[in-house]
Amino acid sequence: MRDAPATGKQPMAAVDLLRKAVDILRGTVDEADYKSIVLTLLYLHVLSSEFEQWDPLSERVRNPDQDPVAVLDEMIDAVRRTRRDFAEAIPSASELIGGLERRRITELFTILEDSQGAAVYEDLLAEFARFEGRKGGEFHTPRSVARRLVEALQPQQGRVYDPCCGSGGMLVQAARFAAEHGGDQAADLACYGQEINVQSWRLGRMNIDMHGRLPVELGCADTLARDL
C-alpha cells in the first residue's frame, strides 16, 4: 500500500479533507467533478514520491514562478511514460483543473499534504459516495459489503470477475484476501473488472495502483454490449 510522503503532521481524516476540498471548489466547478479532481490530485501527490529527482510536487505547484497546470501535466506525462497501460486513466491537468484559479489549486495541495496515501483514498471514495447520496452507489460499494462478499467467496486462486466494478473496491478486497490467506496459491489468483463509466474506471485504476500494483485488470466498456 502506498503512503504519502511524511510531513510530520497528524494525518487529516477523510471527512475533514472532503469538507475542506469542497469549500475550496464550491462555486468554481460542477459538484459532479469534485471527486475526480480531489482523488486524482491525491493520487499524483502520493505518486510523486517515486520521482525523487524532482522537487516535491506540492512545492512546485505552490511556487509562484511556475504554472501549476504545467507542473501537473509534467507529472502526468511521467506517469504515462512509466505506466504505458495507464495512459487513458489520467486526464490532462488542463482537463482536470484548467478552469481553477491558482489560489484554489495551491490550497488543494496544502490540504493534501496532510493526507496519507491509499488508506485516505479509500476513505475518500466512501465519503464522496455519501456526499453524492444515491448517485454514489454507482461508483462505490461500502467496504463492509465488499469485505463480506469476499469472505464468502474466499478467493485464493483462479479468477475473480466483477462486471460492474465501479472504483474497484471488491477487487482490492479480493486481492488482499488472497495475499493474506492464500499463501503460495495467491500468485495464481487473477482479478478482472469492467466498468462502463469512464470516470469511475479512472478512479478504479488509481485506487488499485495506490495499493501497490495489485494483480487486477480493469477494462472500460459496457459489459452487456462488449464483454472484455
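Residues numbered from 1 in each chain as written. Predicted model: local features only at pLDDT ≥ 70, side-chain atom pairs only at ≥ 80, totals over all residues. Heavy atoms only, no water.

## A few points about the sheet that holds strand β1 (residues 158–162)
- Taken together, three strands build an open sheet; the order of strands is β1-β2-β3 and the sheet is parallel. With partners counted over all chains shown, the strands left at the sheet margins are β1 and β3 (216–220), one partner each. Each adjacent strand pair in this sheet contributes to an overall mean axis angle of 15 degrees, direction not counted.
- Inspection of the sheet shows strand β2 (residues 189–195) paired to β3 by five bridges, in the parallel sense. Paired with Q194 across the bridge in β3 is G219.
- Docked against the sheet, helix α9 (residues 169–181) engages β1, β2 and β3, running at close to 175 degrees with respect to β2.
- Docked against the sheet, helix α10 (residues 198–210) engages β2 and β3, running at close to 165 degrees with respect to β3. (Pairing = 2+ DSSP bridges. Helix = DSSP H or I, 4+ residues; strand = E, 2+ residues; numbered from the N terminus. Axes fitted to C-alpha atoms, helices over the stretch in contact; angles between N-to-C directions. Contact = heavy atoms within 4.5 Å.)

## Topic: the packing of helix α1 (residues 14–25) against helix α6 (residues 102–112)
- Where α1 contacts α6, the two axes come as close as 10 Å, and the packing angle between them is 175 degrees. Comparing the axis directions of α1 and α6 gives the class roughly antiparallel. Only R104, E107, L108, I111 and L112 of α6 make contact with α1, whose side of the interface consists of L17, K20, A21, I24 and L25.
- Partitioned by chemical class, the residues of the contact of α1 with α6 number seven nonpolar, no polar and three charged. (Parallel < 35°, antiparallel > 145°, perpendicular 65-115°, else oblique. Nonpolar A, V, L, I, M, F, W, Y, C, P; charged D, E, K, R; others polar.)

## Some details on the pattern of salt bridges
- Scanning all chains against the criterion turns up 12 salt bridges.
- Between E107 and R103 there is a salt bridge whose closest N-O contact spans 3.2 Å. Highlighted residues: E107 and R103, both in helix α6, separated by four residues, approximately one helical turn.
- Via salt bridges that share partners, E101, R103, R104 and E107 belong to a single interconnected network. (Salt bridge = Lys/Arg side-chain N within 4 Å of Asp/Glu carboxyl O.)

## Let's talk about the environment of P155
- Along the chain, the position of P155 falls in the loop between α8 (143–153) and β1.
- Judged by relative accessible area, which is 7%, P155 ranks as buried.
- For the pair formed by P155 and C191, sequence separation is 36 residues and the distance between their alpha carbons is 9.7 Å.
- Excluding residues within four positions of it along the chain, P155 makes contact with V150, V160, A174, F177, A178 and L189. (Buried < 20%, exposed > 50% of the residue type's maximum accessible area, 1.4 Å probe, protein only.)

## Overview of the nonpolar core
- With 66 residues, the main nonpolar core has L41, Y43, L72, I97, L108 and L124 as its most contacted residues.
- Among the elements that line this core, the one with the most residues is helix α2 (residues 34–47), at 10 residues.
- I97 has contacts with I37, L41, V69, L72 and I105, leaving out every residue within four places of it along the chain. (Core = buried A, V, L, I, M, F, W, Y, C linked by side-chain atoms within 4.5 Å.)

## So, the pairing of β2
- Among the seven residues that make up β2, five are buried, leaving the element largely enclosed by the rest of the structure.
- Where β1 meets β2, five bridges bridge the pair, whose relative direction is parallel. Among the inter-strand pairings, Y161 is bridged to a residue of β2, identified as Y192.

## Here we look at the packing of α2 against helix α4 (residues 68–82)
- One can describe the packing of α2 onto α4 by two numbers: an axis separation of 11 Å at closest approach and a directional angle of 70 degrees. Comparing the axis directions of α2 and α4 gives the class roughly perpendicular. Residues L41, Y43, L44 and L47 of α2 form the contact with α4, whose participating residues are L72, M75, I76 and V79.
- Its residues placed into classes, the contact of α2 with α4 shows eight nonpolar, no polar and no charged.

## Examining the packing of aromatic side chains
- Inspection of every chain in the model, using the stated rule, returns one aromatic pair.
- Lying across the ring of F139, K35 places its NZ or CZ 4.5 Å from the centre. (Phe/Tyr/Trp six-rings, centres within 6.5 Å; stacked < 30°, edge-to-face > 60°. Lys NZ or Arg CZ within 6 Å of the ring centre and 35° of its normal.)

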